[in-house]
Amino acid sequence: MSAQVFDAIVIGAGSVGLPTALFLAEAGVSTLVIDQFAGPGQGSNKAAIGGIRATHSAPAKIRLCLESLRIFSTWEKSHGDGIEWFQGGYLFVAYREQEERSLQELLKIQQSYGLNIRWLDRDEIVALVPDINREELRGGTYSPEDGSASPIMSAAAFYRRAVELGVQFRFGERVTGIIRRKNGVVGVRTDKGGYATQTVINAAGAWARPLAQSVGLDTPVVPDSHEAGITEPVARFFDPMLVDLRPTEGARNYYFYQHKPGGIVFCITPDPPIVGTDRRETSVYLPMIANRMVGLMPKLANIKVRRTWRGLYPMTPDGAPVLGWSKTVEGYVHAEGMCGQGYMLGPGVGALLSRMVRGADSAEDKQILEELRPTREFGGDEALK
Amino acid sequence: MPDHRIHEHPILPAPEQAGVPFSWLGQPFLARHGETIASALFANGVRTFGHHPKDGAPQGIFCANGQCAQCSVVADGLPVKSCMVVVGPGMNVQPLDGLPVLPDVQRQPTTHAIETVDVECLIIGGGPAGLTAAIELGKAGVRALIVDDKRRLGGKLVLQTHKFFGSIEACHAGTRGIDIATRLEQEARQFENIRIWLNSTVLSVFSDRRVGVLRDNQQYVIVRPDILLVTAGAREKSLVFPGNTLPGVYGAGAFQTLVNRDLVRPAERLFVIGGGNVGLIAGYHALQAGIGVVGLCEALPECGGYKVHKDKLVRMGVPVYTSHTILRAEGKDEVEAVTIAQIDKKWRPIPGTEKRFECDTVLIAVGLDPVDEFLHKASEFGLPAVAAGDSEEIAEASAAMFTGRIRGLEIAKRLGRDVGEVPPEWHRTAQILKSRPGMTMTEDLPETQAGVFPVFHCAQEIPCNPCTSICPNHSIRIEGDEVLGLPEFVGNECDGCEKCVAICPGLAITLLDFRKDAAQPTVVIPYEFSAKRIKKGDTVTVLDCEGVVLGNVEVTRVRAPREADRALLVRVTAPADIAPRISGIRVQEPWQAERAERFEQSIGDDEIVCRCERVTAKELRALIRSGIRDMNHLKAVTRCGMGACGGKTCPNLIKRIFREEGIPADQVADLTRRPLFMEVPLGAFAGVVAGEALVQDVPRRHATDAHEGGL
């Protein structure tokens, strides 16, 4: 029996794979998506907390996320399905001189890229978030055009649209290898069969590296795990994503926001990182983050926590994704190492890859691809991962 | 002011007068000391506690167990689960309409480090299984900790006013559940090595093999056990039908909590769905509390519960409709009526058989599921764990008590204590106590019309034998001396002492005495209702086991011997032809069904499957038909299973829809289970001491719209 033939095969039906497939199909590319889990978004997408911002410091990420923001913010209007988009902005707060200084420095870079971000003094922050702890609050950066949406609802919406456009999906199927001939991709082998294609896009997130290694490409992606949670929904009492960069024992920054239905979604960055793909809950997480959230916003002491979970950040050494054609394996596309930002990068990445695969990438796309090329030196360090 | 309290109960002691003032929507109400807000509201005639933010549907009590959030209200400015929070003097209680406003706090609360506690064995749940296990562990010197979410130990035993089945030696047969709870608690409390945390809930078993516990409803503690014993009991299954989320539709467990723990009369006219022991007993408890039971329906051709439980209901005047299902509950804001219909062999309602009853409450008692998520998590994380009681296998409390004992001994042995082996006969007894009721035989009615002897209205094999133990002449026997079997009167020796009548948990023994008058013998009948309802000289209607009226007879004596333990033994004089068949005294007049006006399909698209997020069958069906097989995908689109109950209620209902759509279970990916077991304030995890995060004052409602759209 001959294998089914596709123009492109996307491995991973997650934050990156779904929009990529969707935009490929929109451009008429016959596409298959293969995912080891039972449904769309069941890897790290459903663990993402939903923050979407363009206010990064690396130009490529800024551009990708600007495109993502456009897609997320207009999705409901153009496609009908709600994804809980809410433009609440991002607020990075400074309570100490060192955070104030680093945020101010970053602000200059961000503003130089034309981003809508500005410094708020203490009173302006209090006016924006009346319930914030004012003691020793110095100010912070505020980017009102950033926002949030529901990762799982977005995944479901992208999936629905992709199916509508004719994308085929194989769930509960694991890719066991990429078939090559003369060092070019000719197909994909799975635990249930095989499919022919000359373009394979690795969007397998935390599980991307072994796949890349199977064709001799060692993208330096190392997953680590972060824990998140959500509370009961309450009436809206603040809008922006609050980010507190102060490190404490066991953790670096943490952040939380009130999502559109009213719950507080929160997440913390462990320090040192918890390397690996363990997604099981630990006893350490809740006390660690609860203490800090109550410190930042005392009234949160009374909000009820509903659920917690753990998700994976596929990290690269410089905190930036690895994107674009492989230089050594023809037809292999890297869409790897999103560093915990796959959800906000996803639509932008997907749209770009769709153009790239069709050879329709713009000059700006080429700049992004140059910056995120797989063969770069991974020496730099993104200021805000 | 409406008074929905029970002031008089045949078994339970009269409670104190309500004297704690509080307000509801500004109206002054009184609560009893220590009473939950939910019970106090019910007692004052309120059972709609708020409206859902999604569609404005009225919300009321559902689990009465702290598991869901359907009963949420705003108490002194704070959104709380009314079934868990005790009324404080002067408390200002408001309905929760839509999303709650998180109140401001007076000051920055002080946080504290989270305490870690090491124990050898952590027992989740101090019910029948947990307590008997703790007693064995206590004897063996094991350092164990019982964590129980209720105010007193005993689990569901404390709600059981009836006498228990089983055998006297194995599980206190013939003693009332509430009293077994007290005995077991006293025994467990003797051991210094057994610690007990009440009002405490296990929130999660973590992968680092620590267990998060909310102690005393406020303090978060991490427990490090060597071994986990899960005796967390069971949760009630739910049912989808039109009107299934109306206030007044709830589980039998919630009902028993309101009635038998809090002595609140939540209903005047009750209909019970489900003829298992839980539904049958709940119906009986309702009668004892003076609540009318309009009827009970069971989808199977026969009730699944013990026949003696069913017989008790039937001979008190409760109609039992087998091969019937509920079509709908109706009412504007609360239940006003229920419609049932007969079903065919394929479970389809038969048009023309609908029966509609006016009632104010519909109890759902359609089976139990084990609360076993902690067991699974522990197994996944490599923490040694075992289960007993309903968490292991749904069975009677008598079986739970016995398996608890076995697990206790096994754990002690596993922890290196020299306790010997578990006696092999224990396992056998445990098996017998777990037995499902056998086939119903015909009643063995005596032909003799002379002398004195007991009559056994007990025609179904269940594990129960206290009558054989109590007879002073050893004249009652079960074939082969088994627990499981039908008792019979052997030999000629009967003193007429009435002890067998007094002890029988099924109230299924009468004493027939022809000695004074062979044509008008006397019959002694057990009666578990208020003594005020019956006295010498009354004429009463007597019924047989199937509820058939045998006639009206005169009460010639009422006595309350100690061995009957609050039950009355009523003696009547009856003609010899009916006397042997008499098995009960009618306590309520039969209720008349109305003809239903129209027939409706039993499964409608608008029925609510996920009650927390108000997700309808229609939404789920459409997605399933579009090819979705992952329940997590359904969750992402509809939010089903994402609500306050933590996905404890709807997963089985969603699976049922998959089945109805013809999709095999192995093609359906289950919902991912995540902590927490119950919603808990964030401050608890920061070690905020209760009272530290004081609410400033009752806040004004924010204008939500003013906040939309960013700045």
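Everything numeric in this text was worked out from a predicted model, so none of it was measured. (Residues numbered from 1 in each chain as written. Chains lettered and ligands numbered in written order. Predicted model: local features only at pLDDT ≥ 70, side-chain atom pairs only at ≥ 80, totals over all residues.)

A few words on the overall build of chain B. Looking only at helices and strands, chain B features 16 helices and 37 strands. What you see for chain B is a C-alpha radius of gyration of 26 Å, in line with the 27 Å of a compact globule of 711 residues. The buried share of chain B, taken over its 711 residues, is 56%. Sequence separation of 24 or more characterises 67% of the internal contacts of chain B that already satisfy a separation of 6 or more. (Helix = DSSP H or I, 4+ residues; strand = E, 2+ residues; numbered from the N terminus. Rg over C-alpha atoms; globule rule 2.2 N^0.38 Å. Buried ≥ 20, exposed ≤ 12 C-beta atoms within 10 Å, placed from the backbone. Contact = placed C-beta atoms within 7 Å.)

Bring the parts together and some accessible area is lost; that lost area is often taken as the interface size. Every contact between the two is made by 48 residues of chain B and, on the other side, 47 residues of chain A. Those elements that provide at least two residues to the side of chain B that touches chain A are α14 (631–638), β37 (680–681) and α16 (682–685) of chain B. The element contributing the most residues to the side of chain B that touches chain A is α14(B), with 4 residues. When the residues that make up the side of chain B that touches chain A are grouped by side-chain class, the tally is 28 nonpolar, 13 polar and 7 charged. Across 2 bridges, the pairing between strand β19 (residues 304–315) of chain A and β37(B) is antiparallel. Bridging from a neighbouring strand, A:Val305 pairs with B:Val680 of β37(B). (Nonpolar A, V, L, I, M, F, W, Y, C, P; charged D, E, K, R; others polar. Pairing = 2+ DSSP bridges.)

So, on to helix α5 (residues 151–164) of chain A. With 14 residues, α5(A) extends 20 Å between its outermost C-alpha atoms, agreeing within 8% with the 20 Å of an ideal straight helix rising 1.5 Å per residue. Here α5(A) lies mainly inside the structure; 12 of its 14 residues are buried. Those residues of α5(A) not exposed but buried are A:Pro151, A:Ile152, A:Met153, A:Ser154, A:Ala155, A:Ala156, A:Ala157, A:Phe158, A:Tyr159, A:Arg160, A:Arg161 and A:Ala162. Residues of α5(A) that are buried in the fold lie against α1 (17–26), α2 (59–79) and α8 (342–357) of chain A together with α14 of chain B. (Expected span 1.5 Å × (residues − 1).)

Pairing between the strands of a sheet is mediated by backbone hydrogen bonds and can be parallel or antiparallel. All names here are of chain B. With respect to topology, 7 strands assemble into an open sheet ordered β25-β28-β29-β32-β31-β30-β33, the strand pairing being antiparallel. Both edges of this open sheet fall to β25 (452–456) and β33 (584–585), since each of them pairs with a single strand only. Strand direction decides the pairing type here: strand β28 (residues 509–513) and strand β29 (residues 522–527), joined by 3 bridges, are antiparallel. Bridging from a neighbouring strand, Leu512 pairs with Val523 of β29.

Attention now goes to helix α7 (residues 285–296) of chain A. A rise of 1.5 Å per residue sets the reference length of α7(A), with its 12 residues, at 16 Å; its end C-alpha atoms lie 17 Å apart and thus fit the reference within 8%. With 12 of 12 residues buried, α7(A) lies mostly within the body of the structure. Along α7(A), the positions that sit buried rather than exposed are A:Tyr285, A:Leu286, A:Pro287, A:Met288, A:Ile289, A:Ala290, A:Asn291, A:Arg292, A:Met293, A:Val294, A:Gly295 and A:Leu296. Looking at the packing, one finds that the buried side of α7(A) touches β14 (222–231), β15 (241–244), β16 (251–258), β17 (264–270) and β19 of chain A together with α16 of chain B.

Segmenting chain B into domains produces domain 1 (1–109), domain 2 (115–234 + 371–433), domain 3 (239–366), domain 4 (452–585) and domain 5 (608–673). Domain 3 of chain B and domain 5 of chain B are separated by 26 Å when their C-alpha centres are compared. (Domains from an automatic or database assignment.)

Residue and element names in this part refer to chain A. One open sheet accounts for 6 strands, arranged β9-β3-β2-β13-β21-β20; its pairing is mixed. Across the chains shown, the open sheet's two edge strands, defined by having one partner strand only, are β9 (168–171) and β20 (322–325). The average angle at which neighbouring strand axes cross in this sheet is 20°, direction not considered. Bridging between strand β13 (residues 200–202) and strand β21 (residues 332–336) involves 3 bridges; their strand directions are parallel. Its bridge partner lying in β21, Ile201 is registered against Val333. (Axes fitted to C-alpha atoms, helices over the stretch in contact; angles between N-to-C directions.)

Another aspect to go through is the domain arrangement of chain A. Residues and elements named next belong to chain A. Under the domain assignment used here, chain A contains domain 1 (4–70 + 151–220 + 318–371) and domain 2 (87–146 + 223–315). Spacing between the C-alpha centres of domain 1 and domain 2 amounts to 28 Å. For the side of domain 1 that touches domain 2, the residue count by class is 11 nonpolar, 8 polar and 2 charged.

In this section: unusual backbone geometry. A cis amide bond links A:Asp271 to the next residue, A:Pro272, at an omega of 0°. Its place among the elements puts A:Pro272 in the loop between β17 and β18 (274–275). Cis geometry marks the peptide bond from B:Pro675 to B:Leu676, where omega comes out at 5°. Take B:Leu676: it is sitting in the loop between α15 (651–660) and β37. Non-glycine residue B:Asp76 carries a positive phi angle of around 50°. The topology assignment puts B:Asp76 in the loop between β5 (72–75) and β6 (78–81).

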